[in-house]
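These are the residues of each chain, in order.
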Amino acid sequence: MTIDGRLADGRHVRVELDGPRIAAVRETRDAPDVLILPGLVDLQVNGYGGYDFNAAGLSTGDVADLVRELRRRGTTTLCPTIITAPEDKITRNLAVIAAARAADPLVAHAIPALHVEGPYLAPEDGPRGAHDAGHLRDPDLAEFGRWQEASGGLVKIVTLAPERAGAAGYIAELARQGVIVSIGHTAAEPAAIEAAVRAGARLSTHLGNGAHAMIRRHPNYIWAQLAEDRLTASFIADGHHLPADTFTAMLRAKGIGRAVLVSDSVALAGCAPGDYTTPVGGRITVGEDGRVTLPGGELLAGSGSSLIECVGWAVTRTEVDLGTAVTLAAANPARLLGTGRGRIEPGAPADLIVTTPGLSVLHTYVNGVHVHTT
């Protein structure tokens, strides 16, 4: 199978596939005016298009449908993200996702890891974000073991607030097991962040969000994470979570090699504007601009954008060029997960998307299989 088009760096190429791998990338003079990009890799997906990984009635069919929905929008690898809830609900949904993987090889390929965001988060308004305060608690290694039992060992990212009691020991044990511990939804003093990094924390979850509306100018938990080179930072580049100048300054501080884009998309992402009632978040409003908020219109309740829309916002509203944005949304998160994806070069996995110059997805290839055509 061959695909002709233009890479993010402007080269016109023919990409040759050999089963699940890219066999060759050859420059050519004649190619259609389409972009060939690596499939996007999203480390934080709560839901999309009406489907919710946190729904009480989540089924294996829902998981497969959500994976297919995201393929249409260019995301070929994702980490379903389970948020703060009672333990029985968390373990149930982890088990459902594991069962969906077992039932469909393409779903298994799309979901190499799971992300649990919470329940070990700061209780204060602001850092807590939209997480249910009634279910926040301190880190518990026995509970983590039950998550892994339910999921078949698929929990590979855990977001927590390092100021919670017992966090340092918890982080050290998860790091020993190869799990990425991410700092997020925190009100920690810089010393607690430093202790978390020494214990093995490697990531900051949606840096600049899950924070107080007003904080001390310095020191504070945002500066402490920005300055820490041992932490990679994820950013929600949807135009609502971070203003363009803030995103630009944070990305410059972190450096391209220590940054990733995530969507943090929720079930109402991709849905029509209006007021909704959801079993997970209660009343939620989707604005005309795609902004997803809790009642009152100020507190964000996740993102209404897909990852490719975040790529488009970064390219059109900041100094980031297309090649860099794709690196942030594909190669860098793939490297964190250890999948080898997110690249267009011989030997790389054949997870590819073909888009218009304006980033509308035309075709999606997963593991060398053509799975979507617009």
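Quick note: structure is the one above.
Described below are features of the structure shown in this document. (Residues numbered from 1 in each chain as written. Predicted model: local features only at pLDDT ≥ 70, side-chain atom pairs only at ≥ 80, totals over all residues. Heavy atoms only, no water.)

Within the protein, the secondary structure is distributed over ten helices and 20 strands. Compactness check: the protein gives a C-alpha radius of gyration of 20 Å against a globular reference of 21 Å for 374 residues, within 12% of the reference. Each of the three principal axes of the protein carries a C-alpha extent, and together these read 60 × 45 × 45 Å. Here the protein holds 374 residues, and 54% of them are scored as buried. (Helix = DSSP H or I, 4+ residues; strand = E, 2+ residues; numbered from the N terminus. Rg over C-alpha atoms; globule rule 2.2 N^0.38 Å. Buried < 20%, exposed > 50% of the residue type's maximum accessible area, 1.4 Å probe, protein only.)

The next thing to look at is the pairing of strand β20 (residues 369–373). Sheet topology places strand β19 (residues 361–366) next to β20; four bridges connect them, and they run antiparallel. Looking at the pairing, His-363 lines up with Thr-373 of β20. In sequence, β19 turns back onto β20 through a hairpin of two residues, with Asn-367 there showing a positive phi of about 55°. (Pairing = 2+ DSSP bridges.)

Moving on, we get to helix α1 (residues 60–71). For α1, with twelve residues, the first-to-last C-alpha span of 17 Å sits near the 16 Å given by 1.5 Å per residue. Along α1, the residues that are buried comprise Val-63, Ala-64, Leu-66, Val-67, Glu-69, Leu-70 and Arg-71. (Expected span 1.5 Å × (residues − 1).)

Take the sheet that holds strand β15 (residues 274–278) next. What the three strands build is an open sheet, ordered β15-β16-β17; its pairing is antiparallel. Each edge of the open sheet carries a strand with a single partner, namely β15 and β17 (292–293). Sheet analysis places strand β16 (residues 282–286) next to β17, joined by two bridges and oriented antiparallel. Residue pairing for β17: Thr-285 is matched across the bridge by Thr-293.

On the secondary structure map, Asp-4 appears in strand β1 (residues 2–6). Sequence-wise, Asp-4 and Asp-132 are 128 residues apart; in three dimensions their C-alpha atoms are separated by 48 Å. In this structure the side chain of Asp-4 is engaged in a polar contact, spanning 2.8 Å, whose partner is the side chain of Arg-14. (Polar contact = N/O pair within 3.5 Å; in protein donor to acceptor, adjacent residues only side chain to side chain.)

Next up on the list: the pairing of strand β8 (residues 75–83). Buried residues dominate β8, accounting for nine of its nine residues. Strand direction decides the pairing type here: β8 and strand β9 (residues 114–117), joined by three bridges, are parallel. Its bridge partner lying in β9, Ile-83 is registered against Glu-117.

Our next topic: unusual backbone geometry. A cis amide bond links Gly-118 to the next residue, Pro-119, at an omega of 0°. Assignment of secondary structure puts Pro-119 in the loop between β9 and α4 (141–151). Cis rather than trans, the peptide bond between His-218 and Pro-219 has omega equal to -5°. Along the chain, Pro-219 turns up in the loop between β12 (203–204) and α7 (221–226). Unusually for a residue other than glycine, Asn-367 sits at a positive phi of about 55°. Tracing the backbone shows Asn-367 in the loop between β19 and β20.

All right, on to the sheet that holds β8 then. Taken in spatial order, the eight strands line up as β5-β8-β9-β10-β11-β12-β13-β14 in an open sheet, and their pairing is parallel. Each having just a single partner strand, β5 (40–45) and β14 (259–262) make up the two edges of the open sheet. Note: strand β10 (residues 155–160) against strand β11 (residues 180–183), four bridges, orientation parallel. Bridge pairing in β11 links Leu-160 to Ile-183. α4 rests against β9 and β10 of the sheet, and its axis sits at about 145° to β10. Against the sheet, helix α8 (residues 244–254) contacts β13 (232–236) and β14, and its axis sits at roughly 165° relative to β13. (Contact = heavy atoms within 4.5 Å. Axes fitted to C-alpha atoms, helices over the stretch in contact; angles between N-to-C directions.)

Our focus in this paragraph is helix α5 (residues 167–176). Those residues of α5 that fall on the buried side of the exposure criterion are Ala-167, Tyr-170, Ile-171 and Leu-174. Looking down the long axis of α5, one finds its buried residues gathered within 100° of arc, a one-sided arrangement. Where α5 is buried, its residues meet α4, β10, β11 and α6 (190–199). Directly beyond the C-terminal end of α5, a positive phi value near 85° is found at Gly-178. (Arc of directions from axis to C-beta.)

Next up on the list: the packing of aromatic side chains. Applying the stated criterion to the full structure yields six aromatic pairs. Summarising the aromatic geometry, the rings of Tyr-120 and Tyr-170 are spaced 5.3 Å apart at their centres and angled 80° between planes, so their arrangement reads as edge-to-face. Of this pair, Tyr-120 sits in the loop between β9 and α4 while Tyr-170 is found in helix α5, placing the two residues 50 residues apart along the sequence. Aromatic ring contacts, followed pair by pair, group Tyr-120, Phe-144, Trp-147 and Tyr-170 into a single cluster. (Phe/Tyr/Trp six-rings, centres within 6.5 Å; stacked < 30°, edge-to-face > 60°.)

Looking now at the nonpolar core. If you look at the biggest cluster of nonpolar residues, it comprises 79 residues, and the most contacted ones within it are Val-63, Ile-111, Trp-147, Phe-235, Phe-247 and Leu-261. Those residues in contact with Phe-235, other than ones at most four positions away along the chain, are Leu-207, Leu-242, Phe-247, Met-250, Leu-251, Lys-254, Ala-259, Val-260, Leu-261 and Val-262. One finds Val-15, Ala-348, Leu-352 and Tyr-365 within the second-largest nonpolar core, a separate group that totals 14 residues. (Core = buried A, V, L, I, M, F, W, Y, C linked by side-chain atoms within 4.5 Å.)

Looking at where Glu-16 falls in the secondary structure, it is placed in strand β2 (residues 12–18). Put simply, Glu-16 and Ala-350 are 334 residues apart on the chain and 9.4 Å apart in space, counted from C-alpha to C-alpha. If we ignore the near neighbours within four places in the chain, the residues touching Glu-16 are Met-1, Thr-2, Arg-21, Ile-22, Ala-23, Ala-24 and Arg-26. Polar side-chain contacts of Glu-16 include one of 2.7 Å to the side chain of Arg-26.

So yeah, pure geometry; function would need other evidence.
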